[in-house]
Each structure stands twice: as structure tokens, then as C-alpha cells.
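Architecture and fold: a report
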Amino acid sequence: MSQRVAVIGAGPSGLTSIKSCLDEGLEPTCFESSDDIGGLWRFKETPEPGRSSIYRSLVVNTSKEMMCFSDFPMPADYPNYMLHSQLLQYFRLYAQHFDLLRHITFQTSVLTVRQRPDFSHSGQWEVVTENREGQEQRHVFDGVLVCSGHYTQPVSPLDQFPGHESFPGRCLHSWVYKDADAFRGKRVVVVGIGNSGGDIAVEISRAAEKTFLSTRKGAWVLARMSSSGLPLDMTAISRLTVLLTSLLPRALVNWAAERTLNHRYDHRLYGLQPTHRLLEQKPLINDDLPGRILQGAVVLKPDLRGFQGSGLLFQDGTTEEDIDAVVFCTGYNGNFSFLPPSLCSGPGWDLNLYRRVFPPALERPTLAIMGLFQTKGPIFPAVEMQARWVTRVIAGLTQLPPRKTMLSKIETETKRNMKSCLCPRQAALHVDYIPYLDSLAEQVGVRPNILGLLLREPSVGLRVLLGPCTPYQYRLRGPGKWDGARQAILTQWERVAQPFRTRLEPEPPRPLVLLSPLLITLSTGAGMLAVVLSQCKLTLVLQDLLQDSTHLLDWLSALLWGTE
């Protein structure tokens, strides 16, 4: 008899969890409180309490080849960075292709998830749900996958600022924000310089009389576009990058990368200079913010101190008068109130999780929290890998270590992350993208065998080693192997180029144009090494070898592209 698994939420995490259950012979039932799939990525004109909410102009920060599910590439004609509505359409295609909708019960909320009396033996859970008519129903499941997201409870620090009671203008959280229409001709302050804060400040600045962006710590700003107009993550997130950053002193890597960013626009001059180094925290992804600062449409301000009538006072003692609205882009808390209270700690429903998935306090590993992490990379492939691992654990195909080992691992990782993260909560949530994927893939049995690939299929192996870490790498072998993975890797740059082909142009000479993605990836690494070696004043011999790396690039290029 198949084991029954409850999946809570039909967003991207829920969809890939349903599919992973089916792949492992489990019987999933997904409970979705709304009437459609998509979760966070389903735009609604009016925000609904207890659910995620996005603004009308939201564009993804990770490119299509990096963020897709590992056995279902996005359509080739999709733009590399797409609007939320097109991403939602991809989820619909995914659900349709793998026949996932029949496993989803819509307009049904989960009220409680509790261990059964015989949990220590059976590992089973009692799940109480409520349908749209208000009728409650009890279910028994062998496993529970929590995919309800953690962008549902907006955090507003308004009460921390003296004088806010007498402010005559409007105060709102970015959870409420939809577009800039209501701010036309106004003077607006945006508080917070995360990705939402940057996007909203830029958008409001196109309609408002004046827009101020208040930040406590500043930010390193990266555009979505890299060298030659290629997607940033396709050139930056690779095994080569991980290797270089692990071999070289971290301070030197920070110095070289920050130097490159400041050549584009001086962060100190623009008021963006953060208090942290580049590799210590997630950067701000924004294509337009520096330009809006250059034009005076956005003005950077330090941390907000308080309100004085219609004016706002900042930490440096300056005041901006006649402010009409304040938009707080100050983050969210997760809400897991349906879980046993013993699993959660603190007002933000913080969860102590082994590999950011399993609560080590449980006697049986039959409940998992999906997607509750932060990383400098795309979320969906990491959640998919979580789902592949979790379903094998629930199916009894993979074992977890003893509770003591899990707790020690959590403590070690948190202490390591505290060296760069500003608070314990961020340290607990952070994972390093490729090492995290590889560690879970090792448990599943799908970690790429790079040496074997280099020996058997150099054209694929070199792309896996030196090229972008696209999700298809984790479908080349082992459980869930996909026959299309090899071809997906070989054609990934073709799908990057496809949406640009909207105007016929004479074909240029082939070689270097076709090779540019790989050459850019390798040249980036070579350039970083050159800067670091020069800074360290190492021997001229080493520098000469590095300068001659073009010969190596030529050889690699011929090997990679000459076989196709």
C-alpha cells in the first residue's frame, strides 16, 4: 500500500513536491487554500490576508535556464528574465505536463498538523482541513511536506518610530503595494533596500515628485545583465566560480569583485556603499537604481529615526519635509501556526531545521519544511532537490543521521554563517547554493560525476565543470535520471539566445560569437586570478602563465564546439 503524503500549498514548492512524491511511488494530496496554483507568483489586484502578495511590475531576478525545474526547461522563446505572469504560465505548463492538478484540493485550508498517538512507531500525522463551506475534515498521512511559503506575514516597524501617530500621510508595507499610480506627484520615502525596496523606489520615482530611499546598511548593486548582455547568473554561478572563491583568500576575492562593481558606478559616491563586504550578504539586483540616482529621481537617505508632523527625521539628523507617503519594504515572517508549537520558537515562527528541511526534534523524519532558506542563487532548483531528498527519506530509501549529529551540523553551519551574516536568524537561513545542492544530491544519488563525464563525454563534462550550474546537471544519473538532460545542457545557450532572435541579421563569422558564453565564464575566472595575483605581487612566471590562458581557452573552445 502506498504511503500517503500531505503537501500544504500549491505554489512552485508544492508542485515540485507533488511530482517528487509521484516519482518515488508515494500518494500525494495537496491542500491549497486559494482557487489556483502559483502561490507567490499569482498576482492579485487586492492582497488577501495570510497570503503572499506581489506588485504588478515584478520581474524575476534569476534567469530562465538557472531557475527552471531540472527535467522541464522553460520554452526557448521565453525571455531570460520574465514578468511574474509568464513565470506563472510556466508553472501551469509544468503541472499540465506531469498531470499534477488532479492531486490538488483547492480552496481548502490546513488548520492543524499533529502527531498521531503512535507517532514514535508509525510516524503518522493527523491533518485537519477546512473547505470553502467551513466544513472540517480529519485526515491521516504518513508524511507532511509544508510548502506554504514564508512571505505571508509582513513585518512593519512603524511602532518603533516616535511621532508616527501624528503623521498625516499614508504608511504601508510593500505587501500592499501594487503600482505607482497612487503616488503620482507625491513626495515618497521607501524604507529598506532589499530587492523589493529597490524595485519599488525606482518605479515610484517615475511618477512621484521626489522619491527618497532610506537604508540602514547600504547595498552592493548588481544588474541582471553581465558581459556581452548575457544573464548575470549564467556567467557567475558555476563550479569554476566556487572553486576560485574557495582557493583564493576571501578578502582578495571581495576586493577584486567590489573593484569591478565600483568601476561601473562608485557605490560610495552614489550613497550605496554598504557596511558589509560583497560576499557576505545577498546583493541588490536592480538594473535601474543607479541611473535613477544619477538623474536625481531617487535620493539615498540613512536609516529612519522618526516622524515630525509631515516630516521624516533620519539618523544623520537631516529632515525631509512634506512627505506624503512611506512604503516599508521591511520583510516578512513565516506563519506556521498549524504546526505543533514544540517545533517553532520565537515570534517569527523560527524553525530549527537539519539542512534547512527536517526538524531534528521529531522521532520520525516524516515532516519537512520546504523552501525556508536564503541563498545567492535561484530558489526553485534548490527546493526541487529538497523535495527529491525528502520523498526518498519518507519512502525509507534514504536515512537521516542521529539527532545529536543533526543538531551538531545545524550549530556548526550557523556559527560559520555568523561570520558574515548580521543576525542569528539570517545565519540559520543561509545556504551556499552549489555546495547545498551538491550535498542534497549526494544523499539522493544524483550528484554529477564530473570526472566520469570528462572521460566519457568531454563536451558535457566541461560544460558542467566550467559552465553555468544549470539544474539539468542533477538529472544526468541516479534516481529520477532524465534522458533529455544531456541535450538540455548542450543547448542551454541556444535557449538563452532564442528570445533575442526577433530581427533577421546577416550571420557574422561563427567561432568566437558562438563561444562567447563559455569564454566569458572562463575569462571572468582568469581576470579575477589576474587581479588577485597582481595585487599579491606573485612571480612574473605565474602572471605570464595566466596571460597565456587564451591558448587554453582556444583549446577548450575547439573541444567543446567542434564536436557538435
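Residues numbered from 1 in each chain as written. Predicted model: local features only at pLDDT ≥ 70, side-chain atom pairs only at ≥ 80, totals over all residues. Heavy atoms only, no water.

As annotated in an unreviewed UniProt entry, the protein carries the name Flavin-containing monooxygenase and comes from Salvelinus namaycush. Quoted verbatim from the Sequence similarities (unreviewed entry) heading of the UniProt record, the comment on the protein is "Belongs to the FMO family." As its UniProt record puts it under Cofactor (unreviewed entry), the protein is described as follows: "FAD". (UniProt positions renumbered as here; feature names shortened; annotations may be inferred.)

**Observations regarding the overall build of the protein**
Across its full length, the protein carries 20 helices and 22 strands. Counting every position in the protein, which comprises 564 residues, the buried fraction comes to 52%. Summed over its atoms, the accessible surface of the protein is roughly 25500 Å², and 53% of this surface lies on carbon and sulfur atoms. (Helix = DSSP H or I, 4+ residues; strand = E, 2+ residues; numbered from the N terminus. Buried < 20%, exposed > 50% of the residue type's maximum accessible area, 1.4 Å probe, protein only. Areas by Shrake-Rupley, 256 points an atom, 1.4 Å probe, with all protein chains shown as cover.)

**Here we look at the packing of aromatic side chains**
Taken as a whole, this structure holds 22 aromatic pairs when the rule is applied. Considering the side-chain rings of Tyr 94 and Phe 98, the 5.2 Å spacing of their centres and the 65 degrees angle between planes classify their relative orientation as edge-to-face. Residue Phe 98 is classed as partly exposed on the basis of its relative accessible area of 22%. Ring pairs connect the aromatic residues Trp 41, Phe 69, Phe 72, Tyr 90, Phe 91, Tyr 94, Phe 98 and Phe 380, which therefore count as one cluster. A cation over an aromatic ring shows up here: Lys 19 above the ring of Phe 98, its NZ or CZ 4.7 Å from the ring centre. (Phe/Tyr/Trp six-rings, centres within 6.5 Å; stacked < 30°, edge-to-face > 60°. Lys NZ or Arg CZ within 6 Å of the ring centre and 35° of its normal.)

**A look at a negative patch on the surface**
On the surface, Glu 209, Glu 321, Asp 322 and Asp 324 cluster together to form a negatively charged patch. One can find Glu 321 in the loop between β17 (319-320) and β18 (325-328). Taking the relative accessible area as the measure of exposure, Glu 321 reaches 41% and is therefore partly exposed. (Patch = residues over 30% accessible without salt bridge, like charges linked within 9 Å, V, L, I, M, F, W, Y side chains within 5 Å. Salt bridge = Lys/Arg side-chain N within 4 Å of Asp/Glu carboxyl O. Lys, Arg positive; Asp, Glu negative; His and termini not counted. Charge placed at Lys NZ, Arg CZ, Asp CG, Glu CD.)

**With respect to helix α11 (residues 403-417)**
For α11, spanning 15 residues, the distance from its first C-alpha to its last is 21 Å, which sits close to the expected 21 Å at 1.5 Å a residue. Listed in full, the buried residues belonging to α11 are Met 406, Ile 410 and Asn 417. End-on, the buried residues of α11 take up no more than an arc of 40 degrees, which puts them together on one face. Turned more than 90 degrees off the buried face of α11, the exposed positions are Lys 404 and Lys 415. (Expected span 1.5 Å × (residues − 1). Arc of directions from axis to C-beta.)

**Points about unusual backbone geometry**
With phi around 55 degrees, Asp 322 is a residue other than glycine that occupies positive phi space. Looking at the element boundaries, Asp 322 is found in the loop between β17 and β18. The phi dihedral of Arg 355 falls on the positive side, at around 50 degrees, and the residue is not glycine. On the secondary structure map, Arg 355 appears in the loop between β21 (350-351) and β22 (367-369).

**Focus: the pattern of salt bridges**
Going through the model one piece at a time under the given rule, you end up with 28 salt bridges. The salt bridge partner of Glu 48 is Lys 44, with a shortest N-O separation of 2.7 Å. Each of Lys 19, Asp 23, Asp 71, Glu 384 and Arg 475 takes part in one network of salt bridges that share partners.

**So, the nonpolar core**
One broad trend across soluble globular proteins is that nonpolar side chains are buried collectively. Ranked by size, the top nonpolar core spans 109 residues in total, and within it Leu 87 and Ile 204 carry the most contacts. By residue number, the principal contributor to this core is helix α10 (residues 379-394), which donates nine residues. Once residues lying within four places of it in the same chain are set aside, the contact partners of Ile 204 are Tyr 177, Ala 180, Phe 183, Val 188, Val 190, Thr 211 and Val 327. (Core = buried A, V, L, I, M, F, W, Y, C linked by side-chain atoms within 4.5 Å. Contact = heavy atoms within 4.5 Å.)

**A word on the sheet that holds strand β6 (residues 136-141)**
Taken together, the three strands give an open sheet; going across it, the order is β4-β5-β6, and neighbouring strands pair in antiparallel fashion. Each end of this open sheet is capped by a strand with a single partner; those strands are β4 (108-115) and β6. Averaged over all adjacent pairs, the angle separating strand axes in this sheet is 25 degrees, with direction ignored. Bridge analysis of strand β5 (residues 125-131) against β6 gives six bridges, and the strand direction is antiparallel. Residue pairing for β6: Glu 130 is matched across the bridge by Glu 136. (Pairing = 2+ DSSP bridges. Axes fitted to C-alpha atoms, helices over the stretch in contact; angles between N-to-C directions.)

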